[in-house]
Structure formats: C-alpha cells, structure tokens
Amino acid sequence: MPQTTNPVNYLKKIYVQESCHHYPYTADILKRAGNIEVETIADHENPGIKDISSFPYSFKEGKQHLLLTSNKGPFFKPCPGTREYQCCGYQILNIGMNCPMDCVYCILQAYLNNPWLSFFVNIDDLLSELDLVFNRTNQFWRIGTGEFTDSMALDSLTGLSRILVDFFKDKKNAILELKSKSAVIENLKGLDHGGRTVMAWSLNSPAIADRHELKAASLEERLAAAAKCADWGYKLAFHFDPIIYHKDWQAGYSHIIGELFRKVPAEAIVWISLGALRYLPGLRSVALRRFPGARFFQEEFIIGLDNKLRYFRSLRVELYKHILNELRKYVAPDTCLYFCMESEEVWQECGFKSDDARNLPENLDRAVS
C-alpha cells in the first residue's frame with residue numbers, strides 16, 4: 001500500500017510558548033519538526049494567524065499552525081454526555097485541541113474559541129494525574145484521547161502514542177482507546193502494549209468520507225492500518241459516527257461494512273459504535289459558510305433532549321436498523337455493538353434487549369477486561 005498522507009505535512013508553522021521550552025518533551029518534538037518553521041512566543045501571546053478577527057471562519061489557516069503549550073487544568077475528565085441519553089461511561093484524556101484534518105461536520109468548529117491547533121507538552125503532569133486516579137480506586141477506566149482532537153493525526157511529530165501505550169501496558173484497571181481518521185501508525189509497531197490499547201477508526205459511507213472528511217486518510221488506508229494493528233496484536237474498535245443520511249446511503253454503508261470485515265479479522269474488534277448526525281445549533285452556520293456545498297445540513301432536524309439538532313427518531317431508527325443488520329452478518333459474538341448517546345426507546349426499537357442500554361458501561365468493560 002502506498003504511504004498515506006501524513007496530516008503533519010499540512011503544518012506550516014510551530015509556535016512554542018516561552019515557558020514550555022524547558023520541557024524535554026518539547027525538544028523531542030522539535031527534533032522531529034524537520035523543515036517546519038518554529039517561533040517562540042510569550043505565554044500571553046497567540047499564534048499569528050492573519051485572519052483571526054474572522055474566527056471561527058479562520059479554521060482553514062488555523063489548522064496549519066500548531067501551538068506547543070502546557071495544560072493548566074485537569075487532563076482527565078468524564079465524557080460530556082447528558083443524562084437524557086445513554087452514555088457509555090467513557091473518560092477523556094485531553095492531549096490538545098483541534099485537528100489538522102478538516103471534516104465538514106466537525107463539532108469543534110462550533111465548540112472551540114480559537115482556530116489553531118494546540119498540543120500539551122507537560123506530559124509528566126498528565127501521567128502523574130493518571131497515576132493518582134488509578135491508585136485511589138479499583139474502578140475500571142475506559143479512556144480515550146480523541147474527543148477534542150484526533151488521537152493519531154500529529155503522532156509522527158509528537159510520538160505521544162509510544163508514551164501512552166507504554167504507560168498503559170500494565171494497567172489492569174484501565175484501557176486506552178486511540179481513535180483516528182489517520183493511517184500514520186508507524187510509532188505503534190513493535191511496542192509492548194500488553195493488550196491495554198484499543199486502536200480505533202471512524203468510518204463512514206464512501207460518499208461522505210470522500211467528500212466531507214477532508215485531509216483524512218481514505219477509507220482503504222484506514223482499514224489497511226487497522227489490519228496492520230491487528231497483526232501487531234492490538235484490539236480494534238470502529239465508530240460509525242456521524243451516520244449521515246444521503247443519496248444511496250444504504251449501499252454506501254453496506255459497502256464499507258463489507259470492506260471492513262473483508263480486510264480486518266472480526267475477532268480483533270472489541271466494540272463498534274453507531275451515532276446518527278447530531279450537532280450544536282451554532283455549527284450549521286459555521287460549517288455552511290466554510291463548506292457551502294454541504295447539503296446534508298438541509299435535511300429536517302429537531303432539537304433533542306441534549307439541545308443538539310438530530311434527525312427525527314423514525315429516520316434514526318431506519319439508519320440504525322440497516323447498519324446493524326449489515327454488521328450482524330459478520331461481527332464476532334463477543335463484539336459489543338452500541339449506540340452513542342441514544343435513548344433506551346431507540347435501543348429497543350432497533351432490536352436490543354430492554355437492559356442493553358442501561359448495562360452499556362459494564363458490557364464495554366467486559367469486552368476488554
């Protein structure tokens with residue numbers, strides 16, 4: 001397979017806050033920066049993006065500027081789910097903000113208050129915080145880094161995956177999920193991961209991925225990367241989220257599911273999630289100004305119980321039933337299929353048992369413990 005495009009190649013400049021130069025990790029990152037321009041800025045300064053005044057429409061340029069900074073707050077926090085829909089009990093490890101890839105539907109366009117990429121270099125503080133959490137309780141933790149950024153998009157520059165995989169390898173009460181639309185996975189090869197890291201990829205219908213997941217690896221590249229990780233002994237996961245209604249959507253999702261199980265061993269997959277398109281009301285105007293051809297925002301939506309715009313329930317159920325039927329043709333018996341942020345009524349309408357939604361955290365824990 002030809003080498004996939006590395007998202008790091010889209011970077012034009014790296015800014016380093018002055019107080020972050022003393023971290024050895026900063027020096028390690030800059031050694032891998034190659035010909036990317038580097039500039040030191042004072043701690044109170046922001047990257048010098050010309051059209052910052054037009055934020056949030058300056059994302060295109062902002063995604064080419066990386067700020068190496070330190071995190072002053074907690075790294076570890078619960079996933080921001082809502083009580084109104086079933087949450088999986090996921091925990092977020094915040095490694096930075098924003099992503100060099102540019103998905104039309106990305107919620108970060110309406111969530112962030114700046115357009116540039118940021119990455120936290122005070123890695124020792126991150127690991128110390130995790131140690132405190134793990135040592136004070138016997139609770140089992142499912143942890144991911146892919147909430148506010150892509151887990152692997154900058155990994156060839158940061159090398160963070162090697163640090164985290166090594167840290168988690170002997171943690172019996174925790175599992176790490178690295179979720180990505182990148183296929184640059186060389187840092188994962190040869191690591192002693194102890195079975196404590198799940199490599200995950202977002203998948204979509206080819207019509208959506210090809211047109212609306214800009215600068216991301218192709219679906220073929222993602223599946224090839226997943227197959228390699230399976231060969232290296234990693235557990236795998238996949239996320240059909242957001243599922244987007246579009247012309248010939250049935251054929252599109254059926255195709256990618258068939259390709260998934262043709263290229264990836266079913267027994268390596270621990271879970272697969274499904275989530276229909278949902279978004280903050282402010283996203284639509286931002287996304288349509290940046291991507292005026294995004295017709296899927298023209299469908300009918302309602303305000304859900306979480307104050308996000310969602311498809312009508314009948315359409316969500318139609319989407320889910322088709323994809324679930326396709327997945328169940330191939331999926332291994334122990335793989336956990338689940339919905340991300342859906343009501344118990346939708347779970348049951350799609351054929352799940354009455355308690356499957358309520359028991360979701362425990363079922364996911366069981367899949368990897």
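Further up the page is the structure itself.
Residues numbered from 1 in each chain as written. Predicted model: local features only at pLDDT ≥ 70, side-chain atom pairs only at ≥ 80, totals over all residues. Heavy atoms only, no water.

Peer 1: Give me the lowdown on the packing of aromatic side chains, citing residues and values where you can.
Peer 2: By the definition in use, this model includes 16 aromatic pairs. Taken together, a centroid distance of 4.3 Å and an interplanar angle of 35° make the contact between Tyr-320 and Phe-339 tilted. Separated by 19 residues along the polypeptide, Tyr-320 in helix 10 (residues 313-327) and Phe-339 in strand 18 (residues 336-339) bring together distant segments of the chain. This pair shows no difference in class: Tyr-320 is buried, exactly as Phe-339 is. Members of the aromatic cluster, joined through ring pairs, are Tyr-279, Phe-296, Phe-297, Phe-301 and Tyr-311. The lysine or arginine in question, Lys-171, covers the ring of Phe-167, its NZ or CZ lying 4.0 Å from the ring centre. Across from the ring centre of Phe-352, 5.1 Å away, lies the NZ or CZ of Arg-328, which sits over that ring. (Phe/Tyr/Trp six-rings, centres within 6.5 Å; stacked < 30°, edge-to-face > 60°. Helix = DSSP H or I, 4+ residues; strand = E, 2+ residues; numbered from the N terminus. Buried < 20%, exposed > 50% of the residue type's maximum accessible area, 1.4 Å probe, protein only. Lys NZ or Arg CZ within 6 Å of the ring centre and 35° of its normal.)

Peer 1: Explain the pattern of salt bridges residue by residue, including any values.
Peer 2: Evaluated as defined, the whole model comprises 17 salt bridges. Salt-bridge contacts for Asp-306 lead to Arg-310; the nearest nitrogen and oxygen are separated by 3.0 Å. Here Asp-306 matches Arg-310 in class, with each residue buried. Salt bridges here are not isolated pairs; linked through shared partners, they connect Asp-306, Arg-310, Arg-316 and Glu-342. (Salt bridge = Lys/Arg side-chain N within 4 Å of Asp/Glu carboxyl O.)

Peer 1: Lay out helix 5 (residues 160-168) with the relevant residues and their values.
Peer 2: One full turn of an α-helix is made of 3.6 residues, so residues set three or four places apart face in the same direction. All of the buried residues along helix 5 are Leu-160, Ser-161, Leu-164, Val-165, Phe-167 and Phe-168. The buried side chains of helix 5 occupy one side of the element, clustering within an arc of 160° when seen end-on. (Arc of directions from axis to C-beta.)

Peer 1: Lay out the pairing of strand 9 (residues 141-144) with the relevant residues and their values.
Peer 2: For a regular strand, side chains alternate in direction, first toward one face of the sheet and then toward the other. Burial of strand 9 is two-sided: the residues Trp-141 and Ile-143 facing one way and the residues Arg-142 and Gly-144 facing the other way are all buried. Relative to strand 9, strand 5 (residues 91-93) runs parallel, the two being bridged by two bridges. Pairing of Gln-91 across the sheet is with Ile-143, part of strand 9. Taken together, the four bridges between strand 9 and strand 10 (residues 174-180) define a ladder with parallel strand orientation. The residue bridging Ile-143 from the neighbouring strand is Leu-176, located in strand 10. (Pairing = 2+ DSSP bridges.)

Peer 1: I'd like a description of the sheet that holds strand 6 (residues 96-97), backed by residues and values.
Peer 2: In sheet architecture, strand pairing relies on hydrogen bonds along the backbone and comes in two forms, parallel and antiparallel. An order of 2-1-3-8-6 is seen for the five strands of this open sheet, with the pairing classed as mixed. Among the strands making up the open sheet, the edge pair consists of strand 2 (37-41) and strand 6. When strand 1 (residues 13-17) meets strand 3 (residues 65-69), the two strands line up parallel, connected through four bridges. Bridging from a neighbouring strand, Lys-13 pairs with His-65 of strand 3.

Peer 1: Give a description of the nonpolar core that names residues and reports values.
Peer 2: Within the largest apolar cluster, 125 residues are counted, with the highest numbers of intra-cluster contacts made by Leu-236, Phe-238, Phe-240 and Ile-272. Ranked by residue count, the leading element in this core is helix 10, at seven residues. Setting aside chain neighbours within four positions, we find Phe-240 in contact with Leu-203, Tyr-253, Ile-256, Ile-257, Leu-260, Ile-272, Ser-273, Leu-274, Gly-275 and Leu-327. Counting five residues, the second-largest nonpolar core is a separate cluster that includes Ile-41, Ile-49, Leu-67 and Trp-116. (Core = buried A, V, L, I, M, F, W, Y, C linked by side-chain atoms within 4.5 Å. Contact = heavy atoms within 4.5 Å.)

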